[in-house]
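Chain residues, written in single-letter form:
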Amino acid sequence: MLLGIILFEARSAMAYALPPLQWLRAFEAAARSSSFSAAAAELNLTPAAVSHQVRSLEQHLRFQLFKRLPRGLQLTDVGRAYLPSVARTFDELTVSTAGLFGRSQHTHVSVRASLLFATTWIAPLLPKFYAKFPHIKIRLLAAVWADTSTSVDVDVRFGDGHWSEFEVRPLWRETSVLVARKDEAIAGDCDRERLLSLLKGGVVQIMGCEDRWTKILRKHDLSEAALRVNTMTDNSLIALELTAAGFGPCIVQQSYTMHYLKERHLHVPLAEGISINESHFILTVRSAERTAPEAVIFRDWLIAELKDVQDGRGSPA
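Residues numbered from 1 in each chain as written. Predicted model: local features only at pLDDT ≥ 70, side-chain atom pairs only at ≥ 80, totals over all residues. Heavy atoms only, no water.

**Here's the deal with the overall build of the protein chain**
Working step 1: Helices and strands together make up the secondary structure of the protein chain, namely 11 helices and 13 strands.
Working step 2: By residue count, 41% of the 317 residues in the protein chain fall in the buried class.
Working step 3: At a minimum sequence separation of 6, the contacts of the protein chain that also span at least 24 residues come to 75%.
Working step 4: On the protein chain, roughly 17,300 Å² of surface is accessible, and the fraction owed to carbon and sulfur atoms is 56%. (Helix = DSSP H or I, 4+ residues; strand = E, 2+ residues; numbered from the N terminus. Buried < 20%, exposed > 50% of the residue type's maximum accessible area, 1.4 Å probe, protein only. Contact = heavy atoms within 4.5 Å. Areas by Shrake-Rupley, 256 points an atom, 1.4 Å probe, with all protein chains shown as cover.)

**Considerations on the nonpolar core**
Working step 1: Phe-117, Ile-122, Phe-129, Phe-298 and Leu-302 are the most contacted members of the largest nonpolar core, which totals 41 residues.
Working step 2: When residues of this core are assigned to their parent elements, the largest contribution, 8 residues, is made by helix H6 (residues 115-132).
Working step 3: Each residue touching Phe-117, except ones within four places of it in the same chain, is listed here: Ile-122, Val-156, Leu-171, Trp-172, Tyr-256, His-280 and Leu-306.
Working step 4: Grouped together as the second largest cluster of nonpolar side chains are 20 residues, Leu-57, Leu-65, Phe-66 and Val-86 included. (Core = buried A, V, L, I, M, F, W, Y, C linked by side-chain atoms within 4.5 Å.)

**Quick look at a nonpolar patch on the surface**
Working step 1: Taken together, the side chains of Met-207, Val-229 and Met-232 present a nonpolar region at the surface, about 260 Å² in accessible area.
Working step 2: The exposed category is assigned to Met-232, whose relative accessible area is 52%. (Patch = residues over 30% accessible without salt bridge, like charges linked within 9 Å, V, L, I, M, F, W, Y side chains within 5 Å. Salt bridge = Lys/Arg side-chain N within 4 Å of Asp/Glu carboxyl O.)

**Some points on the pattern of salt bridges**
Working step 1: As enumerated under the stated definition, the model contains 12 salt bridges in all.
Working step 2: Across the salt bridge formed by Arg-32 and Glu-28, the nearest N and O atoms sit 2.7 Å from each other. Here Arg-32 and its partner Glu-28 are both found in helix H2 (residues 21-33), 4 residues apart, which amounts to about one turn of the helix.
Working step 3: Close ionic contact of Arg-157 with Asp-155 constitutes a salt bridge, the shortest N to O distance being 2.9 Å.
Working step 4: Relative accessible area serves as the criterion here: at 3%, Asp-155 is assigned to the buried category.

**Re the sheet that holds strand S13 (residues 279-285)**
Working step 1: Pairing is mixed across the open sheet formed by 5 strands, whose spatial order is S4-S3-S5-S13-S6. What marks the edges here is a single partner per strand, and that holds for strand S4 (136-143) and strand S6 (166-172). Each adjacent strand pair in this sheet contributes to an overall mean axis angle of 25°, direction not counted.
Working step 2: Sheet topology note: the S6/S13 ladder contains 6 bridges and is antiparallel. Paired with Val-168 across the two strands is Leu-283, which belongs to S13.
Working step 3: Relative to S4, H6 is tilted by about 175°, and along the sheet it contacts strand S3 (107-114), S4, strand S5 (154-159), S6 and S13. (Pairing = 2+ DSSP bridges. Axes fitted to C-alpha atoms, helices over the stretch in contact; angles between N-to-C directions.)

**Let's talk about the side chain of Ser-236**
Working step 1: Take Ser-236: it is sitting in helix H9 (residues 236-244).
Working step 2: Judged by relative accessible area, which is 15%, Ser-236 ranks as buried.
Working step 3: When near neighbours in sequence (up to four residues on either side) are disregarded, Ser-236 contacts Leu-116, Ile-206, Val-252 and Tyr-256.

**Side note on the packing of aromatic side chains**
Working step 1: Across all of its chains, the model carries 9 aromatic pairs by this definition.
Working step 2: Ring plane angle 45° and centroid distance 5.1 Å describe the contact between Phe-129 and Phe-133, whose orientation is recorded as tilted.
Working step 3: Residue classification places Phe-129 among the buried positions, given a relative accessible area of 0%.
Working step 4: Phe-133 gets classed as buried once you look at its relative accessible area, which sits at 10%.
Working step 5: Aromatic rings pair up to connect Phe-129, Tyr-130, Phe-133, Phe-298 and Trp-301 into one cluster.
Working step 6: When the ring centre of Tyr-130 is taken as origin, the NZ or CZ atom of Lys-137, which lies over that ring, is 4.6 Å away. (Phe/Tyr/Trp six-rings, centres within 6.5 Å; stacked < 30°, edge-to-face > 60°. Lys NZ or Arg CZ within 6 Å of the ring centre and 35° of its normal.)

**Overview of the packing of H6 against helix H11 (residues 293-310)**
Working step 1: Viewed as axis vectors pointing N to C, H6 and H11 meet at an angle of 115°, and their least axial separation amounts to 11 Å. Considered as vectors, H6 and H11 are oriented roughly perpendicular to each other. Here the hand of the crossing between H6 and H11 comes out right-handed. Residues Phe-117, Trp-121, Ile-122, Leu-125, Leu-126, Lys-128, Phe-129 and Lys-132 of H6 lie in contact with H11, whose contacting residues are Ile-297, Phe-298, Trp-301, Leu-302, Glu-305, Leu-306 and Val-309.
Working step 2: Across the contact of H6 with H11, the residue classes break down as 12 nonpolar, no polar and 3 charged. (Parallel < 35°, antiparallel > 145°, perpendicular 65-115°, else oblique. Left-handed = near helix turned anticlockwise from the far one by under 90°. Nonpolar A, V, L, I, M, F, W, Y, C, P; charged D, E, K, R; others polar.)

Okay, structure coming up:
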């Protein structure tokens, strides 16, 4: 009985120690925008009300969270340390509410990815997403390069991961592989001999990825003079189609090959792939406006689904 009273009182004390939700919301909005005025516009309050709520929070915590500057706000060290947990709590609460209860009408999320990634990975998985989140409709846009001219909610990009204006999450690390037609005559018992045999007929080159051919040549101590390019393209999908049409082998990311290895009579003739520095990342906007919860739901769902596929627990088909 005494232990129960102590635990009840401890929980009550902990609950009492938490500041009011509206104070935390004011702090989080002001921290994102570095402005009481911008936070006030977002929260439909006056700047004075936001300032008062933040001041009340500081008094409650007994720590200063902002430095008040002539033009805007600057987080103190304590405020900077406190912000991630507060922001994460609101994100989780918003996403959980939207995911469980949805909204009264359908919400659209615009998703951009390369044509091959959208075709190979996102499109086959969408039925599973709609079954779980019927109130969220996806607008799937295709891009050849990392086009930033059109704003989207979720952006899947291939690169080094350095996009400071976005919230960036890794999807996976992978290698590139050489892909050739199954009926193409290949001589040799080792990768170097088989590569030399393939190079005689010429290759398909993807513009912007020339370093991958350089890497594979150097890996097998071959001169760049051995490389003869039959045709060039700026798209991995077209490169695979050209290889299937008989224009020679190409080098693409391993994740792009699944459909073509099954359906287009292509294969990976070399035992080892080529390591690359770039990989796939999924981006959501980072701005004064909070990321739409539906965009976060789709991002987190896609990351989990692709991990299951990689781990052998699922399939994109």
